Amino acid sequence: MNWAAIALVGIFGLMWLGVVVYADVTSAPWMRVAQAVFALFLLGWAAWKTAVMIGKA
């Protein structure tokens, strides 16, 4: 795993969360919650991998 992949996943997760919260007004509420949870999972994964990479240094 390299820093570019971790940053890409983190940025994608942040953008996904922004779209779900601010732009997606037509989806069902349960679907918006599911998508927000997935975006938070991506952000958490990126943060965890960042901590692992820093720990290896």
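Definitions and limits used
- Residues numbered from 1 in each chain as written.
- Predicted model: local features only at pLDDT ≥ 70, side-chain atom pairs only at ≥ 80, totals over all residues.
- Heavy atoms only, no water.
- Helix = DSSP H or I, 4+ residues; strand = E, 2+ residues; numbered from the N terminus.
- Rg over C-alpha atoms; globule rule 2.2 N^0.38 Å.
- Buried < 20%, exposed > 50% of the residue type's maximum accessible area, 1.4 Å probe, protein only.
- Contact = heavy atoms within 4.5 Å.
- Areas by Shrake-Rupley, 256 points an atom, 1.4 Å probe, with all protein chains shown as cover.
- Lys, Arg positive; Asp, Glu negative; His and termini not counted.
- Salt bridge = Lys/Arg side-chain N within 4 Å of Asp/Glu carboxyl O.
- Polar contact = N/O pair within 3.5 Å; in protein donor to acceptor, adjacent residues only side chain to side chain.
- Expected span 1.5 Å × (residues − 1).
- Phe/Tyr/Trp six-rings, centres within 6.5 Å; stacked < 30°, edge-to-face > 60°.

Enquirer: Before we move on, can you summarise the overall build of the protein chain with the specific residues and values?
Expert: Within the protein chain, the regular secondary structure consists of two helices and zero strands. Radius of gyration (C-alpha) of the protein chain: 13 Å, far over the 10 Å computed for a compact globule of 57 residues. Overall, the protein chain is about 45 × 15 × 15 Å in size when its C-alpha atoms are taken along their principal axes. Scored against the burial criterion, the 57 residues of the protein chain give a buried share of 19%. Across the protein chain, the fraction of contacts at a sequence separation of at least 24, relative to all contacts at a separation of at least 6, is 62%. Accessible surface, the protein chain as shown: approximately 4,100 Å² in total, 78% of it carbon and sulfur.

Enquirer: Give a description of the side chain of Asp 24 that names residues and reports values.
Expert: Relative to the elements of secondary structure, Asp 24 occurs in the loop between α1 (3-23) and α2 (29-56). Of the buried charged residues, Asp 24 lacks a salt bridge, with Arg 32 as the closest side chain of opposite charge at 4.8 Å. Within the structure, Asp 24 has its side chain in polar contact with the side chain of Ser 27 (distance 2.8 Å). Among residues more than four places away in sequence, those in contact with Asp 24 are Val 19, Arg 32 and Gln 35.

Enquirer: Just give me the short version of α1, but keep the residues and values in it.
Expert: With 21 residues, α1 should reach 30 Å at 1.5 Å per residue; the first-to-last C-alpha distance of 29 Å fits that figure. Those residues of α1 hidden inside the fold are in contact with α2.

Enquirer: Give me the packing of aromatic side chains: which residues, what numbers.
Expert: Scanning all chains against the criterion turns up three aromatic pairs. Ring centres 5.5 Å apart and planes at 65 degrees place the aromatic pair Trp 16 and Phe 38 in the edge-to-face group. Placement of Trp 16 in helix α1 and of Phe 38 in helix α2 is noted, with a sequence separation of 22 residues between them. Among the residues examined, Trp 16 registers a relative accessible area of 29% and is labelled partly exposed. One aromatic cluster is present, built from ring pairs that chain together Phe 12, Trp 16, Phe 38 and Phe 41.

In short, geometric facts, not functional conclusions.
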